[in-house]
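A closer look at the structure
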Amino acid sequence: MALVNTKKMFEMAYKNNYAIGAFNVNNMEITQGIIEAVSQEKSPLILQVSRGAREYASNSWLKAMIDVAVKENPEIPICIHLDHGDTVQTCKEFIEDGFTSVMIDASGKPFEENMAITKEVVDYAHKYDVVVEAELGQLGGIEEDVVGVSHEDISKHLCDPEQVEEFVKKTNVDSLAVAIGTSHGAYKFKKEPKLAFDILEAIEKRLPNYPLVMHGSSSVLKEFKDLINKYGGAMPDAMGVPEDAITQASKMGVCKVNIDTDLRMAMTAKIRQIFAEKPSEFDPRKYLGPARDAIREMVKHKLHVLGCNGKAAECA
Ligand code: G3H
Ligand code: 13P
Ligand code: ZN
């Protein structure tokens with residue numbers, strides 16, 4: 001099966017109350033770990049590339065790896081998505097590179113400007129059967145190339161349900177990332193994790209049958225956090241989105257769930273463990289291989305949390 005866009009995936013996910021995992025890729029081991037997981041679980045898949053990933057590994061390398069994955073897994077529908085595209089030009093370049101889905105993130109701009117920029121990308125992308133995701137409201141946290149609001153300000157920048165209908169109608173955008181209290185990275189909450197499900201419910205009421213997206217949805221799994229802290233790391237206060245909240249959101253119109261931090265932590269935890277337990281090891285295959293296995297097992301678990309395991313055929 002060739003690369004696909006997300007139309008069919010989102011249609012089935014919405015109808016059957018599950019969500020598709022959108023996993024960030026930066027290198028071969030991460031990509032292979034994810035692919036092995038979806039292949040074993042027969043799940044549809046969104047692989048996403050951030051600007052940081054493109055700067056690190058280059059689009060052509062990442063795209064070539066994904067093309068191999070598509071060729072070797074004809075039964076798995078795979079979408080290749082630009083994560084947090086910052087300008088119209090960036091989105092156009094990724095479309096020219098063969099991506100089947102792009103995100104234009106103009107969420108830091110005033111509402112009217114966000115709409116105008118999004119519409120320009122949509123008008124261009126749809127000519128090539130590429131789908132577009134936009135964002136309303138702003139997330140917290142700071143990643144390498146994605147700047148969000150400070151923790152204290154997250155609640156002031158949540159998605160305003162009153163804006164969603166006008167935004168979708170005027171832009172014709174295919175899916176909408178809505179800020180409901182998550183943030184990027186490993187430090188999402190200071191105390192108790194809390195998502196604004198009331199806002200999600202209000203959005204879903206206004207946009208029935210419309211696919212929503214949740215960014216910043218890593219759970220910061222205890223297993224990896226503990227390994228990292230045990231073997232010389234320092235992430236004592238890391239806290240993510242509880243997995244039952246992800247499952248709940250997947251039944252409330254959220255069809256795409258973005259996960260990057262959990263991949264990073266699985267890989268880091270395994271490598272730290274091996275370096276600590278076997279200081280003489282210097283063959284990268286002996287620590288990157290187990291890191292890839294850890295990613296595979298973690299992703300398999302996530303596919304069950306999202307409910308998209310076994311759904312490859314219906315999304316193809
Ligand atoms: O949205 C944020 C992703 O985790 C990508 O992060 O820009 O550091 O690759 P990155
Ligand atoms: P996490 O940092 O929670 O993995 O979020 C990733 C993300 O939203 C990528 O767009
Ligand atoms: Zn994001």
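Going by the structure above, here's the rest.
Residues numbered from 1 in each chain as written. Chains lettered and ligands numbered in written order. Predicted model: local features only at pLDDT ≥ 70, side-chain atom pairs only at ≥ 80, totals over all residues. Heavy atoms only, no water.

1. Regarding the nonpolar core
Threshold: Nonpolar core, defined: a set of buried Ala, Val, Leu, Ile, Met, Phe, Trp, Tyr and Cys residues in which side-chain atoms within 4.5 Å join the residues together. The rule is simple: take the accessible area with a 1.4 Å probe, protein chains only, and divide by the maximum for that residue type; under 20% is buried, over 50% is exposed, in between is partly exposed. By the criteria applied, helices consist of DSSP H or I runs no shorter than four residues and strands consist of E runs no shorter than two, each listed in order from the N terminus. In what follows, residue pairs with any heavy atoms lying within 4.5 Å of each other are defined as contacts.
I34, V102, L176, L200, L212, F224 and V299 are the most contacted members of the largest nonpolar core, which totals 107 residues. With nine residues, helix α12 (residues 284–306) is the single largest residue contributor to this core. The residues touching F224, leaving out its near neighbours within four places in the chain, are M265, A266, A269, A294 and M298.

2. Focus on the sheet that holds strand β5 (residues 131–136)
Rule in force here: Strand pairing is defined by DSSP finding a minimum of two bridges between the two strands. Each axis is a line fitted through C-alpha atoms, taken for helices only over the stretch in contact, and angles between the N-to-C directions span 0 to 180 degrees.
With parallel pairing, eight strands are arranged side by side around a closed barrel as β1-β2-β3-β4-β5-β6-β7-β8. Each strand of the sheet is rotated relative to its neighbour by a mean of 25°, with strand direction disregarded. Bridge count between strand β1 (residues 20–24) and strand β8 (residues 254–259): four bridges; the pairing is parallel. When the sheet's bridge partners are listed, F23 is paired in β8 with I259.

3. Description of the packing of aromatic side chains
Inclusion rule: When the centres of two rings from Phe, Tyr and Trp lie within 6.5 Å, Trp using its six-membered ring, the rings pair. Their planes under 30 degrees apart give stacked, over 60 give edge-to-face, and anything left gives tilted. Note on criteria: charge over ring means Lys NZ or Arg CZ within 6 Å of the ring centre, with the direction from the centre no more than 35 degrees off the ring normal.
In the structure shown here, the tally under the stated rule is four aromatic pairs. Aromatic pair F111 and F167: ring centres 6.0 Å apart, planes at 45°, arrangement tilted. Here F111, found in helix α6 (residues 111–125), pairs with F167, found in helix α7 (residues 161–171); they are 56 residues apart in sequence, far enough to count as distant. Classification of F167 as buried rests on a relative accessible area of 0%. When the ring of F275 is compared with that of Y287, the centres are 4.7 Å apart and the planes differ by 70°; the resulting orientation is edge-to-face. With F275 in helix α11 (residues 261–277) and Y287 in helix α12, the pair connects residues that are twelve residues apart, well separated along the chain. Between K311 and the ring centre of Y18, over which it is positioned, the NZ or CZ distance is 5.2 Å.

4. Remarks on the pattern of salt bridges
Applicable threshold: Salt bridges are identified by distance alone: a Lys or Arg side-chain nitrogen within 4 Å of an Asp or Glu carboxyl oxygen.
Applying the stated rule across the entire model yields 22 salt bridges. Its salt-bridge partner being E201, residue K205 comes within 3.8 Å of it at the nearest N-O pair. Of this pair, K205 and E201 both sit in helix α8 (residues 197–206), separated by four residues, roughly a single helical turn. Since its relative accessible area comes to 41%, E201 is described here as partly exposed. Linking R296 and E297 is a salt bridge whose minimum nitrogen-to-oxygen distance equals 2.9 Å. Overall, E297 belongs to the partly exposed group, its relative accessible area being 39%.

5. Focus: the pairing of strand β6 (residues 175–178)
The criterion, for reference: By convention, orient the strands away from the viewer: a clockwise path from the first strand over the helix to the second makes the crossover right-handed.
Neither face of β6 is open: one carries S175 and A177, the other L176 and V178, and all of them are buried. Pairing analysis gives four bridges linking β5 to β6, with the strands arranged parallel. Directly across from L136, in β6, lies its bridge partner V178. The pairing of β6 with strand β7 (residues 212–214) spans two bridges and is parallel. When the bridges of β7 are listed, L176 appears paired with L212. Regarding the hand of the β-α-β motif, the stretch spanning β6, α8 and β7 is right-handed.

6. Concerning unusual backbone geometry
Although it is not a glycine, D129 sits at a positive phi angle of roughly 60°. Mapped onto the elements, D129 comes out in the loop between α6 and β5.

7. Concerning the site of ligand 2
The following threshold applies: We call a residue near a molecule or strand when any one of its heavy atoms sits within 4 Å of it. Polar contact is the term for a pair of N or O atoms within 3.5 Å; when the atoms are in protein, one must be able to donate a hydrogen and the other to accept it, and sequence-neighboring residues count only if both atoms are side-chain atoms. Side-chain classes follow a simple rule in which Ala, Val, Leu, Ile, Met, Phe, Trp, Tyr, Cys and Pro form the nonpolar group, Asp, Glu, Lys and Arg form the charged group, and the remainder, Gly included, forms the polar group.
Neighbouring residues of ligand 2: 15 residues in total, closest D83, K188, S218, D260 and T261. Here an oxygen atom of ligand 2 and a side-chain polar atom of D83 are 2.7 Å apart. Those elements giving two or more residues to the shell around ligand 2 turn out to be β3 (78–85) and β8. Looking at the shell around ligand 2, its residues break down into one nonpolar, eleven polar and three charged.

8. A look at the coordination of the zinc ion (ligand 3)
Inclusion rule: Note on donors: an N, O or S atom is included if it sits within 2.8 Å of the metal, or within 3.2 Å for Na, K and Ca, and water is never included, so sites can look incomplete.
The zinc ion (ligand 3) binds to the protein through H84 (NE2), H184 (NE2) and H215 (ND1), with metal-donor distances spanning 2.0 to 2.1 Å. Expressed as a motif, the donor residue spacing for the zinc ion (ligand 3) is H-x99-H-x30-H. Taken together, the positions of H84 in strand β3 and H184 in the loop between β6 and α8 put the pair 100 residues apart, joining distant regions of the chain. With respect to class, H84 is no different from H184; both count as buried.

9. As for the pairing of β8
For β8, the tally of buried residues reaches six of six residues, placing the bulk of the element in the interior. Strand direction decides the pairing type here: β7 and β8, joined by three bridges, are parallel. Across the sheet, V213 pairs through a bridge with K256, a residue of β8.

10. Re the environment of W61
Note that W61 resides in helix α4 (residues 59–72). Remark: the alpha-carbon pair of W61 and N27, spanning 34 residues in sequence, is separated by 8.8 Å.

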